[in-house]
Amino acid sequence: MISKCGITEYLDTEETVKKEQGIIGQEIQMCDDNPMRRLYQELLKLLYVKDNTRINICGTIESIAQITPVHLYTCYHTFYRLSNMALVICGDVTCEGVVAVADKLLPQEEISTIERYFEAEPKTVACKRSNTSMAVSRQLFAIGVKDNRPITGGKEDAKHSLILRMVSDFLF
């Protein structure tokens, strides 16, 4: 383990990656065995055709098997950068004091941009219905609405959200 200014980097080997793959695999199986989580994940698969929201954030047993130490370092050095983070401070401090400590302790880095690619998501759903069998004490169901309106963050969004909640409460 190497420490640079309080930021810890692990020297991953094939052995440690394999160990983590086993742990993550167990987590994935635990999520698959949880009826509510499974219901939610299945709903996302029905709603989205191309958007990565449809993919479980843990990945799959097959996808994590492809991880190598090179992948981990690439992701770490791409995303775990100061320019990609936020600092939250609470307490009896001043902005100037926080900036002085941060400037002293945190390494200076070149600000870089990360290219992100998102495929256009169709307005239609991937599939309208799905059934999954699991051992549960009572049947579960979920209904999803794929709302294609652009989000503005204004009063119209709040009004629209409230209307959808009212319709949901009325129906269920």
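From a predicted model like this one, the values you see are computed outputs, not experimental measurements.

Engineer: I'd love a proper account of the overall build of the protein, names of residues and values included.
Structural biologist: Counting its secondary structure elements, the protein contains 6 helices and 2 strands. Reading the protein from its N terminus to its C terminus gives the helix and strand order β-β-α-α-α-α-α-α. By the compact-globule yardstick of 16 Å for 172 residues, the protein is too spread out, its C-alpha radius of gyration being 22 Å. Principal-axis analysis of the C-alpha atoms places the extent of the protein at approximately 55 × 45 × 35 Å. Per-residue burial over the protein gives 12% buried out of 172 residues. By sequence separation, contacts in the protein at least 24 residues apart represent 76% of the contacts at least 6 residues apart. Carbon together with sulfur atoms contributes 58% to the accessible area of the protein, which is approximately 14600 Å² in total. The positive charge centre, built from 20 side chains, and the negative charge centre, built from 23, are 9 Å apart in the protein.

Engineer: Describe the environment of G22, and please don't skip the residues or the numbers.
Structural biologist: Structurally, G22 is set in helix α1 (residues 14-33). Residue class for G22 comes out partly exposed when judged on its relative accessible area of 37%. Residues G22 and I61, spaced 39 residues apart in sequence, show a C-alpha to C-alpha distance of 9.0 Å.

Engineer: Tell me what's going on with the environment of L106, and back it up with residues and numbers.
Structural biologist: Mapped onto the secondary structure, L106 falls in the loop between α5 (95-105) and α6 (155-171). Put simply, L106 and I89 are 17 residues apart on the chain and 15 Å apart in space, counted from C-alpha to C-alpha.

Engineer: Outline a nonpolar patch on the surface, listing residues and values.
Structural biologist: Together, F141, I143, I163, V167, F170, L171 and F172 make up an exposed nonpolar region whose accessible area comes to about 830 Å². Relative to the helices and strands, I163 is located in helix α6.

Engineer: Would you mind going over the packing of aromatic side chains in detail, with residue names and values included?
Structural biologist: One pass over the full model with this rule turns up 2 aromatic pairs. A ring pair is formed by Y76 and Y80, whose centres lie 5.7 Å apart and whose planes are at 10°; its orientation type is stacked. Exposure remark for Y76: the relative accessible area of 22% places this residue in the partly exposed category. Pairing F141 with F172 gives two aromatic rings, centres 5.7 Å apart and planes at 55°, and the pair type is tilted. Of this pair, F141 sits in the loop between α5 and α6 while F172 sits in the segment after α6; the two residues are 31 residues apart in sequence, bridging distant segments of the chain. Neither F141 nor F172 differs from the other in exposure class; each is exposed.

Engineer: Report on the environment of V167, specifying residues and quantitative values.
Structural biologist: Tracing the chain through its elements places V167 in helix α6. Sequence-wise, V167 and R149 are 18 residues apart; in three dimensions their C-alpha atoms are separated by 17 Å.

Engineer: Now, about the side chain of D157: what can you tell me, with residues and values included?
Structural biologist: Secondary-structure assignment places D157 in helix α6. A distance of 3.1 Å separates polar atoms of two side chains, one belonging to D157 and the other to R149. Discounting residues that sit within four places of it in the chain, D157 has contacts with R149, P150, I151 and T152.

Engineer: How would you sum up the pattern of salt bridges? Please name residues and give values.
Structural biologist: Under the counting rule described, the total for this entry stands at 6 salt bridges. E42 is the salt-bridge partner of R38, the closest N and O atoms lying 3.8 Å from each other. Residue R38 and its partner E42 are located together in helix α2 (residues 35-47), separated by 4 residues, close to a single helical turn. Its relative accessible area of 25% is what places R38 among the partly exposed residues. Under the relative-accessibility criterion, E42 is labelled buried at 19%. With its nearest N and O atoms 3.5 Å apart, the salt bridge here joins K45 to E42. Residue K45 and its partner E42 are both found in helix α2; the two are separated by 3 residues, about one turn of the helix. Note on K45: relative accessible area 35%, which makes it partly exposed. Put simply, R38, E42 and K45 are held in one network by salt bridges that share partners.

Basis of the calculations
- Residues numbered from 1 in each chain as written.
- Predicted model: local features only at pLDDT ≥ 70, side-chain atom pairs only at ≥ 80, totals over all residues.
- Heavy atoms only, no water.
- Helix = DSSP H or I, 4+ residues; strand = E, 2+ residues; numbered from the N terminus.
- Rg over C-alpha atoms; globule rule 2.2 N^0.38 Å.
- Buried < 20%, exposed > 50% of the residue type's maximum accessible area, 1.4 Å probe, protein only.
- Contact = heavy atoms within 4.5 Å.
- Areas by Shrake-Rupley, 256 points an atom, 1.4 Å probe, with all protein chains shown as cover.
- Lys, Arg positive; Asp, Glu negative; His and termini not counted.
- Charge placed at Lys NZ, Arg CZ, Asp CG, Glu CD.
- Patch = residues over 30% accessible without salt bridge, like charges linked within 9 Å, V, L, I, M, F, W, Y side chains within 5 Å.
- Salt bridge = Lys/Arg side-chain N within 4 Å of Asp/Glu carboxyl O.
- Phe/Tyr/Trp six-rings, centres within 6.5 Å; stacked < 30°, edge-to-face > 60°.
- Polar contact = N/O pair within 3.5 Å; in protein donor to acceptor, adjacent residues only side chain to side chain.

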